[in-house]
Amino acid sequence: MSHPTPAGATPSHPPRPARPTSPLPGEPPVVREPAHVPVARVVRGGVVEGVHYGSVVVLAADGGVEYQAGDIEAAFYPRSALKPVQAVGLLRAGLPPLDSESLALTAASHSGEERHLATARRILDAAGLTEDDLRNVPDLPYDPAVRDEWIRAGRGPSRLAQNCSGKHAAMLMTAKARGWSLENYLDPGHPLQREIASAVEELTGQGIARVTVDGCGAPLFAVSLHGLTRAAARIATAAPDSDEGRVAHAMRTHPELVSGSGRDVARLMRAVPGLLAKDGFEGVQIAALPDGRAVGVKIADGADRARMPVTAAALARCGVDPEVLAAFDHAPVIGGGREVGTLRAAGAPPAAPSAA
């Protein structure tokens, strides 16, 4: 007896090739206070006004470390930059086939735009679930303009509007498909979360140092910046018919679903062909090219304003055209309603002095 394909799912799926056996993960990274170094400077009127510390790693196509600054081996929390890895873990755990838009939202920190909400609903509908089944924390849309419009319409915090709702919808869909309990799908001991943890360890190549709770309520795994960047490179270079390759294709095809209209990560992926990129709260960014060159960035104080200029400088070390990166390699410093300085990566050529 044939069954109609639910919305959000693809009509058929070829058998998955056997995944090659991977070596056991290495030891977990050491939990310590990271030895961060200056990675960005704020210059106002020719004077250094502020310094952002952090760590940066650049991987060559062969996986070797081509450049590093700060502490790339200490345990840290990747926050939402881990979502592509979690999406791979969900596929390995039995996430039913999804259209590429829905799979992109699975790895998203979305802005709460209507297309994001509609895609999250499509995942839930395909699983026979509703927003009431989600266990993420209710929130307003992430994008300020979308949030303002939401509030003007008299709407309050919503689980669907929260930026991780795609990931949570896919977690629920996977748990239901496997016959696992839904009420406690966020418990680190739940079989779903154990499957995701296994994917994290395999793709990062290291054990998990600590487990805590992310802002949305899902388990969050501590790895190193080096390990996270290695995982990004493995996803970016994976065969198209692999779980990693499916996640990479979905993210590259729909960067605005992974983030939002006008978000810097979406613009960066559009600007650099084949780039896979994902940001995370507390100043985390990964970006990987199809040949395996990859960068990882952590801004120590969590300042989002330093994240993209430092990432652009790291991508330049990968050989990405600086002209392509020019729109991302600095942030303006404003005084009196005009630009009087810039925030740039440490070591970047200074801008011409401006009046104070």
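Structure's up top.
What you see is a predicted model, and the numbers here were worked out from it, not measured in a lab.

Colleague: Can you walk me through the pattern of salt bridges in this structure?
Modeller: Two side chains carrying opposite charge are able to pair once their charged atoms lie near each other. Overall, the coordinates contain 18 salt bridges when judged by the stated rule. A salt bridge links Asp264 to Arg307, with the shortest nitrogen-to-oxygen separation between them at 2.8 Å. Here Arg307 lies in helix α11 (residues 304–317) and Asp264 lies in helix α10 (residues 264–271), a separation of 43 residues in the sequence. Of the residues examined, Arg307 reaches a relative accessible area of 2% and is grouped as buried. Salt-bridge contacts for Lys278 lead to Asp279; the nearest nitrogen and oxygen are separated by 3.1 Å. Both residues of the pair, Lys278 and Asp279, belong to the buried class. Taken together, the shared-partner salt bridges in this structure form one network comprising Arg92, Glu202 and Glu244.

Colleague: For this particular structure, what's the right way to read α11?
Modeller: Since there are 3.6 residues in each turn of an α-helix, residues three or four apart along the chain are aligned in direction. For α11, which comprises 14 residues, the first-to-last C-alpha distance of 21 Å matches the rise-based estimate of 20 Å (1.5 Å per residue) to within 8%. Buried residues of α11: Ala306, Arg307, Met308, Pro309, Val310, Thr311, Ala312, Ala314 and Leu315, and no others. Looking one or two residues past α11, Gly319 carries a phi angle of roughly 100°, positive in sign.

Colleague: Please clarify how the packing of aromatic side chains should be interpreted in this entry.
Modeller: The geometry of an aromatic ring pair is captured by two quantities: the separation of the ring centres and the angle between the planes. A full pass over the atoms with the stated rule returns one aromatic pair. An angle of 50° between the planes, with centres 5.8 Å apart, marks the rings of Tyr142 and Phe281 as tilted. Remark: Phe281 occurs in the loop between β8 (276–280) and β9 (284–288) and Tyr142 occurs in the loop between α3 (114–126) and α4 (144–152); sequence separation between them is 139 residues. The exposure class of Phe281 is partly exposed, given its relative accessible area of 41%. Looking at Arg155, its charged tip hangs above the ring of Trp150, at a distance of 3.6 Å from the centre. Sitting over the face of the ring of Tyr67, Arg317 holds its NZ or CZ atom 3.6 Å from the ring centroid.

Colleague: What is the right way to look at the packing of helix α6 (residues 191–204) against helix α7 (residues 225–236) in this model?
Modeller: Any two packed helices are characterised by how steeply their axes cross, that is the angle between the axes, and by the distance between the axes. The contact between α6 and α7 brings their axes to 7 Å, and the two run at 90°. Between α6 and α7, the interaxial angle falls into the category roughly perpendicular. Across the interface between the two elements, Glu202, Leu203 and Thr204 from α6 touch Gly227, Leu228, Arg230, Ala231, Arg234 and Ile235 from α7. Residues belonging to the contact of α6 with α7 are distributed by class as follows: four nonpolar, two polar and three charged.

Colleague: Looking at this model, I keep getting lost on a nonpolar patch on the surface. Mind explaining?
Modeller: A contiguous nonpolar patch, built from Val48, Val51 and Tyr53 and spanning about 250 Å² of accessible area, is present on the exposed surface. Structurally, the position occupied by Val51 is in strand β2 (residues 47–59).

Colleague: Please explain the environment of Val297 as it appears in this structure.
Modeller: Within the secondary structure, Val297 is located in strand β10 (residues 294–299). Not counting residues up to four positions away in its chain, the partners in contact with Val297 are Ser55, Val56, Leu225, Gly283, Val284, Gln285, Arg307, Val310 and Thr311.

Colleague: Explain the pairing of strand β3 (residues 65–69) to me, please; I cannot follow it from the model alone.
Modeller: Each regular strand shows side chains that alternate between the opposite faces of the sheet. Pairing of β2 with β3 involves four bridges; the strand directions are antiparallel. Bridge pairing links Val58 to Tyr67 in β3. Hairpin geometry of β2 and β3 is characterised by an intervening segment of five residues between the two adjacent antiparallel strands and by a positive phi of about 90° at Gly63.

Parameters at a glance
- Residues numbered from 1 in each chain as written.
- Predicted model: local features only at pLDDT ≥ 70, side-chain atom pairs only at ≥ 80, totals over all residues.
- Heavy atoms only, no water.
- Salt bridge = Lys/Arg side-chain N within 4 Å of Asp/Glu carboxyl O.
- Helix = DSSP H or I, 4+ residues; strand = E, 2+ residues; numbered from the N terminus.
- Buried < 20%, exposed > 50% of the residue type's maximum accessible area, 1.4 Å probe, protein only.
- Expected span 1.5 Å × (residues − 1).
- Phe/Tyr/Trp six-rings, centres within 6.5 Å; stacked < 30°, edge-to-face > 60°.
- Lys NZ or Arg CZ within 6 Å of the ring centre and 35° of its normal.
- Axes fitted to C-alpha atoms, helices over the stretch in contact; angles between N-to-C directions.
- Parallel < 35°, antiparallel > 145°, perpendicular 65-115°, else oblique.
- Contact = heavy atoms within 4.5 Å.
- Nonpolar A, V, L, I, M, F, W, Y, C, P; charged D, E, K, R; others polar.
- Patch = residues over 30% accessible without salt bridge, like charges linked within 9 Å, V, L, I, M, F, W, Y side chains within 5 Å.
- Areas by Shrake-Rupley, 256 points an atom, 1.4 Å probe, with all protein chains shown as cover.
- Pairing = 2+ DSSP bridges.

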